[in-house]
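One letter stands for each residue in the lines below.
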Amino acid sequence: MIRVEALTKTFVTGRGRQRVEVHAVRGVSFTAPDGAITALLGPNGAGKTTTLRMLSTLVKPDSGTAQVGGADVAREPTTVKATLGVLSDARGLYTRLTARENIRYYGELRGLGGDALEARITALATLLEFEPLLERRTEGFSTGEKLKVALARALVHDPQHVLLDEPTNGLDVVSARALRRMLSRLREAGKCLVFSSHVMQEVEALCERVVVVAKGQTLHEGTIAELKARTAQASLEDAFVELAFGQGV
Amino acid sequence: MSQLATVVKKEVIDAARDRRVWLVVLVTALVSGPVTLLLVSKFMSDLKSRAEAREVLVDNAAAAPRLVNFLERQGRMVKAPPPDVREAIEAGRFDDAVLVIPPGFEDDLLHGKLADVTVLHDANRAQSLTAAMTLDRLVTGWGQELGLQRLLVRGVDPALLRPVRSTVVSVGANRGGASRMLFLVPLVALVSAVIGALAIAIDATAGERERGSLEPLLMNPVSTAALVLGKWLAVCLASLLTLMGTVTSFAVAGQLVRDEGLSAAFQFGLAEAGFTLAVLGPFCLLVSAGLMLAALFARSHKEAQAITSYVVSLVSIAPSLSMFLSLQDSGWQLLVPALGQNMVLARVFRGSPVSGVDLLVPAAVCLALTALALLAQTRLLAREAIVFARG
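Throughout what follows, the structure given in this document is the object of discussion.

Calculation criteria
Residues numbered from 1 in each chain as written. Chains lettered and ligands numbered in written order. Predicted model: local features only at pLDDT ≥ 70, side-chain atom pairs only at ≥ 80, totals over all residues. Heavy atoms only, no water. Helix = DSSP H or I, 4+ residues; strand = E, 2+ residues; numbered from the N terminus. Rg over C-alpha atoms; globule rule 2.2 N^0.38 Å. Areas by Shrake-Rupley, 256 points an atom, 1.4 Å probe, with all protein chains shown as cover. Phe/Tyr/Trp six-rings, centres within 6.5 Å; stacked < 30°, edge-to-face > 60°. Lys NZ or Arg CZ within 6 Å of the ring centre and 35° of its normal. Expected span 1.5 Å × (residues − 1). Buried < 20%, exposed > 50% of the residue type's maximum accessible area, 1.4 Å probe, protein only. Core = buried A, V, L, I, M, F, W, Y, C linked by side-chain atoms within 4.5 Å. Contact = heavy atoms within 4.5 Å. Pairing = 2+ DSSP bridges. Axes fitted to C-alpha atoms, helices over the stretch in contact; angles between N-to-C directions. Salt bridge = Lys/Arg side-chain N within 4 Å of Asp/Glu carboxyl O. Buried area = accessible area lost by both parts, 1.4 Å probe. Polar contact = N/O pair within 3.5 Å; in protein donor to acceptor, adjacent residues only side chain to side chain.

**Comments concerning the overall build of chain B**
So, step 1. Helices and strands together make up the secondary structure of chain B, namely 17 helices and four strands.
So, step 2. Relative to the compact-globule value of 21 Å for 391 residues, chain B shows a C-alpha radius of gyration of 30 Å, a clear excess of over 25%.
So, step 3. The principal-axis extent of the C-alpha atoms belonging to chain B is close to 100 × 45 × 35 Å.
So, step 4. Taken as a whole, chain B presents about 19800 Å² of accessible surface, with 64% of it coming from carbon and sulfur.

**Concerning the packing of aromatic side chains**
So, step 1. What the rule picks out here adds up to six aromatic pairs over all chains.
So, step 2. An aromatic cluster is present here, built from A:Tyr94, A:Tyr105 and A:Tyr106 joined pairwise through their rings.
So, step 3. Directly above the aromatic system of A:Tyr94 lies the positively charged group of B:Lys10, at a separation of 3.5 Å from the ring centroid.

**A short note on helix 6 (residues 126-153) of chain B**
Residue and element names in this part refer to chain B.
So, step 1. Here helix 6 contains 28 residues, and its C-alpha end-to-end distance of 41 Å stays within 8% of the 40 Å for a straight helix at 1.5 Å per residue.
So, step 2. For helix 6, the complete set of buried residues consists of Gln127, Ser128, Ala131, Ala132, Thr134, Leu135, Leu138, Val139, Trp142, Leu146 and Leu151.
So, step 3. Where helix 6 ends, the next residue or the one after it, Gly155, has phi of about 75°, a positive value.

**Regarding the nonpolar core**
So, step 1. The biggest cluster of nonpolar side chains holds 146 residues, and the ones touching the most others in it are A:Ile2, A:Phe30, A:Leu55, A:Phe130 and B:Phe268.
So, step 2. When residues of this core are assigned to their parent elements, the largest contribution, 12 residues, is made by helix 10 (residues 224-256) of chain B.
So, step 3. Setting aside anything within four residues of it in sequence, one finds A:Ile2 in contact with A:Phe30, A:Thr31, A:Ala32, A:Leu55, A:Gln67, A:Val68, A:His161, A:Leu163, A:Cys192 and A:Val194.
So, step 4. With 19 residues, the next largest nonpolar core counts B:Leu67, B:Phe70, B:Ala97 and B:Ala131 among its residues.

**Regarding the environment of B:Ala61**
Residues and elements named next belong to chain B.
So, step 1. Among the structural elements, Ala61 can be located in the loop between strand 1 (55-59) and helix 3 (65-73).
So, step 2. As for Ala61 and Val78, which are separated by 17 residues in sequence, their C-alpha atoms are 8.0 Å apart.
So, step 3. Setting aside chain neighbours within four positions, we find Ala61 in contact with Val68 and Val78.

**Notes on the sheet that holds strand 3 (residues 98-100) of chain B**
Residue and element names in this part refer to chain B.
So, step 1. Strand order in the open sheet formed by four strands is 2-1-3-4, and the pairing between neighbours is mixed. One side of each edge strand has no neighbouring strand; the edge strands of this open sheet are strand 2 (77-79) and strand 4 (118-120). Sheet twist, expressed as the average angle between the axes of neighbouring strands with direction ignored, equals 35°.
So, step 2. Sheet analysis places strand 3 next to strand 4, joined by three bridges and oriented antiparallel. Bridge pairing in strand 4 places Val98 opposite Leu120.
So, step 3. Where helix 3 meets the sheet, it contacts strand 1, strand 2 and strand 3, and its direction lies at approximately 135° from that of strand 2.

**Here's the deal with the pattern of salt bridges**
So, step 1. What the rule picks out here adds up to 32 salt bridges over all chains.
So, step 2. Of the charged contacts, one joins B:Asp203 and A:Arg96 as a salt bridge, the two residues approaching to 2.7 Å between their closest N and O atoms. In this pair, B:Asp203 sits in helix 7 (residues 184-204) while A:Arg96 sits in the loop between strand 6 (84-87) and helix 3 (99-109), so the two residues belong to two different chains.
So, step 3. For B:Asp203, a relative accessible area of 8% translates into the label buried.
So, step 4. The partner of B:Asp203 in a salt bridge is B:Arg211, and the shortest N-O contact between them spans 3.1 Å.

**Side note on the interface of chain A and chain B**
Reports often express the size of an interface as the amount of accessible area lost when the parts come together.
So, step 1. Taken together, the 29 residues of chain A in the interface contact 28 residues of chain B.
So, step 2. Of the roughly 2700 Å² buried between chain A and chain B, counting both surfaces, carbon and sulfur atoms make up 55%.
So, step 3. For the interface between chain A and chain B, the tally reads seven salt bridges.
So, step 4. Along the contact surface separating chain A from chain B lie 16 residue pairs in polar contact (both at pLDDT 80 or more).

**Quick look at unusual backbone geometry**
So, step 1. The phi dihedral of A:Ala6 falls on the positive side, at around 50°, and the residue is not glycine.
So, step 2. Tracing the backbone through its elements, the reader meets A:Ala6 in strand 1 (residues 2-13).
So, step 3. Exposure remark for A:Ala6: the relative accessible area of 41% places this residue in the partly exposed category.
So, step 4. Phi angles above zero are rare outside glycine, and B:Asp84 is one such case at about 55°.
So, step 5. Mapped onto the elements, B:Asp84 comes out in the loop between strand 2 and helix 4 (85-90).

**Considering the pairing of strand 2 (residues 20-32) of chain A**
Residue and element names in this part refer to chain A.
So, step 1. Where strand 1 and strand 2 come together, 10 bridges link them in antiparallel fashion. Looking across to strand 2, one finds that Ile2 is bridged to Ala32.
So, step 2. The turn linking strand 1 back onto strand 2 is made up of six residues, and Gly14 within it adopts a positive phi angle of 75°.

Rendered as structure tokens:
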């Protein structure tokens, strides 16, 4: 389970007169239970990516707390990282290494190895439908192929908690469907998934719970049905727009 | 420990598959020694052949039959210069010197007047200058012979003219000429250590940022120390390999040199190669850490190349600086990386005594700075501005 309470983060750029403060996150709270996919829904610049980065321990929160599987992200980053698999916005691969070598590198960094690791890599490639690419260098892979390798890399240690930052960006229909099947499978296995998106159909098709974030704050947390009921809108998109941007947009 | 090994293994495989790395390492290592030696040997043998050339160019030789006779007795072949030789020398088209005899030269001699000759040359050109000095020496020699004859005719002991005798003895270096050309080795070897490390250092730092692989990498429960150390060890390996290749290629080229003068001036054997490696080894460690630190500030390969080019220039300038400023061997140079290594190697090659301090101080400085550079990188990898800002 992931629990986020009143997280804030301000970025400062420049000095003196050119000092600019950007309040990226002003108070985000939500709970993501195990065995469910929780969507972080919000317009561009809402603070979704920063929230996920704080959960992945690479950005320190200014205030508020976040716990991943009971471990605090600020105080126990190593414990958090151990149970976390992250597909971030940056998903660069090593182009001179094969897909298998890319995934193996992360597995070995996490203390895995031997036949078990190789079997796990092959299983992930089969699930994500890129087995034929496994022994090829990743140079020249398509966006979808790269994403699959990056996802396999993030899941190599079978993490209990999975964060995905706009995973379907730039994917074609076939790849997006393969990704969705994978996420459903992870949910059935009892994993706790949080994924950020601004694609409504996807959220509707996949997620039980939505957290609407705008201007760095949580505006709604609950099921999709609750969100629709609250705004008296029939579609998720209308409900989201009304909540995030106000009426009449 | 296993994390460190994992990082080293990955970086080595990644680098070994990079053709640019191999190209640079091979070209630097294999070509630098022979090419440098080839250029030097060409230069030296040109000088030598000119110095020992049997031909001398004399303009208006008919006006000085006795001088021509002397030159021929010295085994020289007197030839007339091409027409318009003065213009040719002025224009830089003619790489030799010409002895010009004025009309009435023999008359002046017969009447006991001072007889003038001129040696035309271009002092900017080493070969022309050497030829001019040879001509000057020959004419002076003949003048002394004439003077001796005149004194003997008058019954004077020629020894009266030489009340003082000076003998030039070199005591500075007991290897003398054996090391004259060895100053080139540290010059090339220092740069080779940098060039060998460059591509991998950039790829392991700025490259990670540019391709967006740094952020996911840091999401693994791995210490930044293990990451930095692992990457650094891989870079060191490339730097050391390039250095070893360069030194080996110098040693092999030194063995293959046929030219007597050059092989006398370039006695670079196993002992010298070993010394070079021992002195420059710690420098490789520092160069690797320093280049990585510099490149970590860059968001792309391009930016990193711009930043690291300062390091490359500094290292290549250091040895020539000490040459042009005629820096004397002094303690403070030991404290400056590149300068210290260069000085110690120069002393070794000259055959001057080298103390333990001379060997240990530059190495200690390099190791201390290396530790600082590595520490700085582990701190930088915790900074949001480094992890998330991409090229």
